[in-house]
Amino acid sequence: MKKNIVLGLLVLITFQLISLIYNKGIKKIDAQTAYVVKELELDTDRLSADMLERNEYFYISSVCLKVLDLQSMIQMNQTEETEMITMQKEEVYTALSAMQMDDGDIHMLLQIAAAEAGTEDVIGKALVLCVIKNRIESEEFPNTVREVIYQCKNGTYQFSPVKNEAYENAEVTADCYEALELVLSGWDESQGAVYFCTPAAAGKWHEHHLRFLFEHGNHRFYKKVK
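Residues numbered from 1 in each chain as written. Predicted model: local features only at pLDDT ≥ 70, side-chain atom pairs only at ≥ 80, totals over all residues. Heavy atoms only, no water.

Asker: So what's going on with the overall build of the chain? Residues and values would help.
Answerer: Along the chain, the regular secondary structure elements total ten helices and five strands. Sorting the 226 residues of the chain into buried and exposed places 36% on the buried side. Excluding contacts between residues fewer than 6 apart, the proportion of contacts in the chain whose partners are at least 24 apart in sequence is 65%. Looking at the chain as shown, the accessible area adds up to about 13800 Å², and 53% of this sits on carbon and sulfur atoms. (Helix = DSSP H or I, 4+ residues; strand = E, 2+ residues; numbered from the N terminus. Buried < 20%, exposed > 50% of the residue type's maximum accessible area, 1.4 Å probe, protein only. Contact = heavy atoms within 4.5 Å. Areas by Shrake-Rupley, 256 points an atom, 1.4 Å probe, with all protein chains shown as cover.)

Asker: Can you break down the layout of surface pockets residue by residue, with the values?
Answerer: Each pocket or cavity is described by its volume, and for the second largest pocket that value is around 700 Å³. In this structure, the second largest pocket is lined by 29 residues; those nearest its centre are Y157, Q158, F196, C197 and H206. For the lining of the second largest pocket, a count of residues per class yields eleven nonpolar, twelve polar and six charged. (1 Å grid on protein atoms, 1.4 Å probe; cavity = no way out; pocket = protein on both sides within 12 Å on 5 of 7 lines; lining within 4 Å. Points joined across faces, edges and corners; volume = space filled by probe spheres on them. Nonpolar A, V, L, I, M, F, W, Y, C, P; charged D, E, K, R; others polar.)

Asker: Before we move on, can you summarise helix α9 (residues 174–184) with the specific residues and values?
Answerer: Among the residues of α9, A174, C176, Y177, A179, L180, V183 and L184 are the ones counted as buried. Two residues or fewer after α9 comes G186, characterised by a positive phi angle close to 110°.

Asker: Could you give me a rundown of the packing of aromatic side chains, with the residues and numbers involved?
Answerer: Within this structure, the stated rule accounts for seven aromatic pairs. Each ring, one from Y150 and one from Y167, has its centre 5.8 Å from the other, and the planes form 80°; the classification is edge-to-face. Taken together, the residues Y150 in the loop between α7 (145–149) and β1 (152–153) and Y167 in helix α8 (residues 166–169) connect sequence positions 17 residues apart. For Y150, a relative accessible area of 30% gives the class partly exposed. (Phe/Tyr/Trp six-rings, centres within 6.5 Å; stacked < 30°, edge-to-face > 60°.)

Asker: Quick rundown of the nonpolar core? Include the residues and the values.
Answerer: I112, L129, I132, I149, F159 and F221 are the most contacted members of the largest nonpolar core, which has 35 residues in total. At the level of elements, α5 (103–117), α6 (122–137), α7, α9 and β4 (210–216) are the ones that each hand at least two residues to this core. In this structure, V194, Y195, C197 and Y222 belong to the second largest nonpolar core, which totals six residues. (Core = buried A, V, L, I, M, F, W, Y, C linked by side-chain atoms within 4.5 Å.)

Asker: Tell me what's going on with the environment of I112, and back it up with residues and numbers.
Answerer: By the element assignment, I112 lies in helix α5. In contact with I112, not counting residues within four places along its chain, are A117, V128, L129, I132, I149, F159, V162 and Y167.

Asker: So what's going on with the pairing of β4? Which residues, and what values?
Answerer: Here β4 runs beside strand β5 (residues 219–224); their pairing, made up of six bridges, is antiparallel. Across the sheet, the residue bridging to F212 is Y222, located in β5. Between the end of β4 and the start of β5, which pair antiparallel, lie two residues, with G217 showing a positive phi angle near 60°. (Pairing = 2+ DSSP bridges.)

Asker: Please give an account of the side chain of H219 that cites residues and values.
Answerer: Mapped onto the elements of the fold, H219 is located in strand β5. Ignoring sequence-local partners within four residues, the contact set of H219 consists of E116, A117, E120, V128, F196, C197, T198 and F214.

Asker: Describe the environment of D188, naming the residues involved and giving the relevant values.
Answerer: Locating D188 in the fold gives a position in the loop between α9 and β3 (195–197). D188 sits in the partly exposed class, given a relative accessible area of 33%. Taking C-alpha positions, D188 is 9.8 Å from I123, a pair spaced 65 residues apart along the chain. Beyond its immediate chain neighbours, meaning those up to four positions away, D188 contacts C130, K133 and N134. In this structure the side chain of D188 is engaged in a polar contact, spanning 3.0 Å, whose partner is the side chain of K133. (Polar contact = N/O pair within 3.5 Å; in protein donor to acceptor, adjacent residues only side chain to side chain.)

Here it is as structure tokens:
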């Protein structure tokens, strides 16, 4: 009977732990957190049914302490992420102010980085922003952030997330701010790219009208053939 109660409590605690992680929006557990979870699994393996029954109160208390420790680490990670975004936001606003860009430009650049390169690293996001910058500086494209991002030619949006809610709903992370700050500081390894797409989307139009430059992450970058 006691063993069933203990096992039931352990199952309940496990589900509470999983719920806690997802409810907090944690998509990636660091090495220290993973170690805590591994310890819980090892503890269960080490204790036989007889030992578990004799030490049920000690073991449940130990599990509860580890759950609290895990919760503390999750909250700490969230705080660090928030502080990082706040610091980077201030730096980006300072740089944009010097370049005479307004809040709307900031919002659009961060959203397009998140929407088009949400799964890419900082460099991948920065390269997408470089494409926006290169288009603004080119005579063949509009000359403002808004016009470039929302450009629609022959019924086709130049940046596909803009045509649906994916653009506005994309989650702006610390990486997006870091990428924007990187580009504003003068970094540019785009080689003048004004187009990008996934390898799967690359087709005959790209081959006939564009010159392939390089590939980074899940994007291939191009410029127009002169």
